[in-house]
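Fold and contact review
Take a look at the letters that make up each chain.
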Amino acid sequence: MTKNNSLQSWKENALKELKKQDIEAIVVETPEGINIKPLYTELDNKEIKHLGSYPGEAPYVRGPKATMYTGRPWTIRQYAGFSTASESNEFYKKNLASGQKGLSVAFDLATHRGYDSDHERVYGDVGKAGVAIDSVEDMKILFDGIPLDKMSVSMTMNGAVLPVLAGYIVAAEEQGVSLEKLSGTIQNDILKEFMVRNTYIYPPEPSMRIVSDIIHFTSKQMPKFNSISISGYHMQEAGASLVQELAFTIADGLEYIRAASKSGLLVDDFAPRLSFFFAIGMNFFMEAAKLRAARYLWSEWTKKLFNCQNPKSQMLRTHCQTSGASLQEQDPYNNIIRTTIEALAATLGGTQSLHTNSFDEAIGLPTEFSAKIARNTQLILQHECGITDTVDPLAGSYFVENMTKELIDKANALIEKIERMGGMTVAVMEGFPKSEIEISATKRQAKIDSGEQVIVGVNKFKSDQQDPIEILDIDNNAVREEQINKIIAIKKSRNPSNVKIALENLKKAAKENTGNLLDLTIIAIRARATVGEVSHALEDVYGRYGVKQDVIKNVYKNAYINKEDFNEVDEALLNFKNIAGENPKIFMAKLGQDGHDRGAKVIASAFTDIGFTVEIGTLFQTPKEAVELAIKSGVHVIGISSLAAGHKTLIPELIEELKRKHADDILVICGGVIPAQDYQFLYDAGVAAIFGPGTSIPHAASTTINKASEKLMRMHNYRNARMNN
């Protein structure tokens, strides 16, 4: 029997079993626009170009090294940091003693945005979503007892990348470790910040100069250090499809090569030290295929555009992290299963290092208990299930190889579009990738809310009872007070003249486009300049960047399949309009320095489609600024999106500011990553409704409208009673 006859026979049997007219009826279309067939055979792979290559040879589909995990398994590199440097240091030492092989440092949002802990704009952010670092003295405490000549250190830092990297270098220097012995990675991926994560400080063009200077410095003086980690992770977390994550990440990498080349570096002198960082979500086979496709794309594009001579310049090496967006507040122990599936996909896809998220991160910061489970997930994969016994065990799978090709083809088309625009810097400044990702995120949320995409425990198979879990709570005020005392002490002990000269030299180099900014920052950090002082010096020259927030329209409701779910919303809208004479008006606010705006933007888009008039504030507002804009806009509701644990500080302050402005008739609602144990605190402060992760948007909308109607009626009744008296 021929292969074609065999396939026809299978179709006939499948049709009998399915009792369908057409086998194509069970084809599944993914958000990437890829049609998943119910069966793949060797016929599907006849035209695939990448088949036949071996691990360790271009285009590296099967892995960047010939032996992969059979020689050495991936590095367990858990991302962590919270509170003070001393507390994080203690946590790191415990993890290293338990089998972790590399450090990955999470910094708080004040540090990311280049503010010292004593700055008025960051009082709710200090120590909350990472470790607070104000000076090299904090860096020395962070790595105390950890030999930096032996330990690989990864630092997720982009905005304040100069003072943070300089602080690490000076801390190592004062530990007796020379530059050439330092190994690890600095993220240094600013283009991604302008698309999704938003922890930028300066505009795109001077930010690209900083990236280039860091690549230049490290390539000459830190041969074992990765000067950049080109990150798709935050794109997927913000709602990007896998094709978007692939294409935008590769396009970012190509742009960084151009920037470094323009500064006089030869591609082969620095490209081998570029690394990547991808998210791994719940589409198991496609995520494994994505890493294989990424290696192919990088190899082909670097050869095509830059004529690399060193094979390592074409070799994509990557760190991966399991998805935070896939973690759910409901039935949080299910997240252990989700993380395990994602970790397996990352390793079968050939990652070089991996972070596994803790199951409680949809609710708050990970505890020591949850962090141990996350770390042990990787240890079990390495030692108990045999996946390190052979290289690229998925190779040759009809399905996986076809998915690899599909991702390559679709990502290539998107990269080519960006190249025609003039490269990623131009695309970012025009807002193209940001808009595309927001559309993708809004469509996905509509599919989840309508039940089209099943999330176990959230929109299907819900549990009647939720087991309470321990939550790590950081005393923000205590951390901030400790950091302020350390800043005061360092300013008293240093030579102010040396600091002033170092900062003036840095500003001059920035203004005149001379020298190397990292080199000059190291001198300033040695003199005990703070992170905030270095950032402010450059801000004087470059300015602090900000963008107007746009709202995606006519996407959410169009993508929502169960239109009857909006009946309750429509009734609530009609009732509100009868009372107020207009549609409800909401102001969407992001308070503090948290730039993760996926939730706020999706809500803004969906509420617009539903019938709200939506105003969306700029990022990084203080409570006072948000209140002023809300009053000026004449809104009925303020909606606050909180993801960085600052809710207990910032939201009560906003409510107090409303009272001071005699505007407490405005309803306040909030949502995001807020532990259930904090709900009563927020209700007592005056919050009208809290919508945690997994809340259906139509439900949130109708609840918000009804509560706004109730508040309006109370206000009307109160005024009428006063007039009658």
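Summary of the structure given here. In this text the structure is predicted, and so the values were computed from the model without any measurement.

**Some words on the overall build of the chain**
Helix and strand content of the chain: 28 helices and 17 strands. The globule rule puts the C-alpha radius of gyration for 725 residues at 27 Å, and the 26 Å found for the chain is close to it. Taken along the three principal axes of its C-alpha coordinates, the chain extends 90 × 85 × 50 Å. A fraction of 79% describes how many contacts in the chain between residues 6 or more apart in sequence connect residues 24 or more apart.

**Notes on a nonpolar patch on the surface**
A cluster of nonpolar side chains, contributed by Met282, Ile337 and Ile341, occupies part of the molecular surface with about 250 Å² of accessible area. In this structure, Ile337 sits in helix α13 (residues 334-349).

**Topic: the sheet that holds strand β17 (residues 689-691)**
The sheet built from five strands is open, its strands ordered β14-β13-β15-β16-β17 with parallel pairing. Of all strands in the sheet, those bounded by a partner on one side alone are β14 (613-616) and β17. Recorded for the sheet is a direction-independent mean angle of 25 degrees between the axes of neighbouring strands.

**Here we look at the nonpolar core**
One finds Phe248, Leu407 and Met424 to be the most contacted residues of the largest nonpolar core, which totals 81 residues. The residues contacting Met424, other than those within four sequence positions of it, are Leu191, Met195, Phe248, Ala251, Asp252, Glu255, Ile418 and Pro433.

**So, the packing of aromatic side chains**
What the rule picks out here adds up to 22 aromatic pairs. Pairing Tyr679 with Tyr683 gives two aromatic rings, centres 6.4 Å apart and planes at 80 degrees, and the pair type is edge-to-face. With Tyr679 and Tyr683 both in helix α27 (residues 679-685) and four residues apart, the pair spans about one turn of that helix. Under the relative-accessibility criterion, Tyr679 is labelled buried at 17%.

**Quick look at the pattern of salt bridges**
Counting across every chain of the model gives 37 salt bridges. Put simply, Arg526 and Glu173 hold a salt bridge, and the shortest N to O gap is 2.9 Å. Residue Arg526 is located in helix α20 (residues 517-526), and its partner Glu173 is located in helix α6 (residues 161-174); the two are separated by 353 residues in the primary sequence. Classification of Arg526 as partly exposed rests on a relative accessible area of 41%. Accessibility expressed as a relative area gives 34% for Glu173, which makes it partly exposed. For Lys192, the salt bridge goes to Glu193, with nearest N and O atoms at 2.5 Å. For Lys192, a relative accessible area of 0% gives the class buried. Sharing partners across several salt bridges, the network here consists of Arg62, Arg292, Asp392 and Glu401.

**Some details on the environment of Glu87**
Relative to the helices and strands, Glu87 resides in helix α3 (residues 85-97). A residue is classified by how much of its surface remains accessible, and Glu87, at 40% relative accessible area, is partly exposed. Put simply, Glu87 and Val131 are 44 residues apart on the chain and 8.6 Å apart in space, counted from C-alpha to C-alpha.

**What to know about the side chain of Thr442**
Its location among the elements puts Thr442 in helix α17 (residues 432-449). Take Thr442: its relative accessible area is 1%, and that puts it in the buried class. In this structure the side chain of Thr442 is engaged in a polar contact, spanning 2.8 Å, whose partner is the backbone oxygen of Glu438.

**Remarks on the sheet that holds strand β3 (residues 75-76)**
Ordered by their spatial adjacency, five strands build an open sheet running β3-β12-β11-β10-β9, and the pairing between neighbours is parallel. Taken across any chain shown, the strands that pair with only one partner, and hence form the sheet edges, are β3 and β9 (228-231). For β3 and strand β12 (residues 353-355), the ladder comprises two bridges, and the chain directions are parallel. Paired with Ile76 across the two strands is Leu354, which belongs to β12. Against the sheet, helix α10 (residues 242-262) engages β9 and β10 (274-280), with an angle of about 165 degrees to β10.

**Brief notes about the packing of helix α7 (residues 190-197) against α10**
Remark: α7 packs on α10, axes separated minimally by 9 Å, with the N-to-C direction vectors making an angle of 145 degrees. Seen from α7, the contacting residues are Ile190, Leu191, Lys192 and Met195; seen from α10, they are Phe248, Asp252, Glu255 and Tyr256. Grouping the amino acids of the contact of α7 with α10 by side-chain chemistry returns five nonpolar, no polar and three charged.

**Notes on unusual backbone geometry**
In the segment running from Ala58 into Pro59, the intervening peptide bond is cis, with an omega of 5 degrees. Counting through the fold element by element, Pro59 comes out in the loop between β2 (35-36) and α2 (68-71). Look at Asp331: it is not a glycine, yet its phi comes out positive at around 45 degrees. By relative accessible area, Asp331 is classed as buried at 14%.

**Points about helix α25 (residues 623-633)**
Side chains of residues three or four places apart in an α-helix project in the same direction, reflecting 3.6 residues per turn. Pro623, Ala626, Val627, Ala630 and Ser633 are the residues of α25 that are buried. Viewed along the axis of α25, the buried residues span an arc of 135 degrees, placing them on a single side of the element. Here the buried face of α25 lies against β13 (585-589), β14, β15 (637-642) and α26 (647-660). Two residues or fewer past α25, Gly634 is found with a positive phi of approximately 65 degrees.

**Points about the packing of helix α8 (residues 204-221) against α20**
In contact at an axis separation of 7 Å, α8 and α20 are set at 80 degrees when each is read in the N-to-C sense. Relative to α20, the element α8 lies roughly perpendicular. Of the residues in α20, those in contact with Arg209, Ile210, Asp213, Ile214 and Phe217 of α8 are Leu517, Leu518, Asp519 and Ile522. When its residues are assigned to classes, the contact of α8 with α20 shows six nonpolar, no polar and three charged.

**Digging into the environment of Ala676**
Note that Ala676 resides in the loop between β16 (667-672) and α27. Taking the C-alpha atoms as reference points, Ala676 and Ile363, separated by 313 residues in sequence, lie 7.9 Å from one another.

**Details of the pairing of β16**
In terms of residue burial, β16 counts as a mostly covered element, since six of its six residues are buried. Alternating residues of β16 divide into Leu667, Ile669 and Gly671 and Val668, Cys670 and Gly672, and every residue in both groups is buried. Here β15 runs beside β16; their pairing, made up of six bridges, is parallel. Residue Gly639 lies in a different strand from β16, and its bridge partner there is Ile669. Pairing geometry for β16 and β17, over three bridges, is parallel. Bridge pairing in β17 links Cys670 to Ile690. Regarding the hand of the β-α-β motif, the stretch spanning β16, α27 and β17 is right-handed.

Rules and cut-offs
- Residues numbered from 1 in each chain as written.
- Predicted model: local features only at pLDDT ≥ 70, side-chain atom pairs only at ≥ 80, totals over all residues.
- Heavy atoms only, no water.
- Helix = DSSP H or I, 4+ residues; strand = E, 2+ residues; numbered from the N terminus.
- Rg over C-alpha atoms; globule rule 2.2 N^0.38 Å.
- Contact = heavy atoms within 4.5 Å.
- Patch = residues over 30% accessible without salt bridge, like charges linked within 9 Å, V, L, I, M, F, W, Y side chains within 5 Å.
- Areas by Shrake-Rupley, 256 points an atom, 1.4 Å probe, with all protein chains shown as cover.
- Salt bridge = Lys/Arg side-chain N within 4 Å of Asp/Glu carboxyl O.
- Pairing = 2+ DSSP bridges.
- Axes fitted to C-alpha atoms, helices over the stretch in contact; angles between N-to-C directions.
- Core = buried A, V, L, I, M, F, W, Y, C linked by side-chain atoms within 4.5 Å.
- Buried < 20%, exposed > 50% of the residue type's maximum accessible area, 1.4 Å probe, protein only.
- Phe/Tyr/Trp six-rings, centres within 6.5 Å; stacked < 30°, edge-to-face > 60°.
- Polar contact = N/O pair within 3.5 Å; in protein donor to acceptor, adjacent residues only side chain to side chain.
- Nonpolar A, V, L, I, M, F, W, Y, C, P; charged D, E, K, R; others polar.
- Arc of directions from axis to C-beta.
- Parallel < 35°, antiparallel > 145°, perpendicular 65-115°, else oblique.
- Right-handed = clockwise from strand over helix to strand, strands pointing away.

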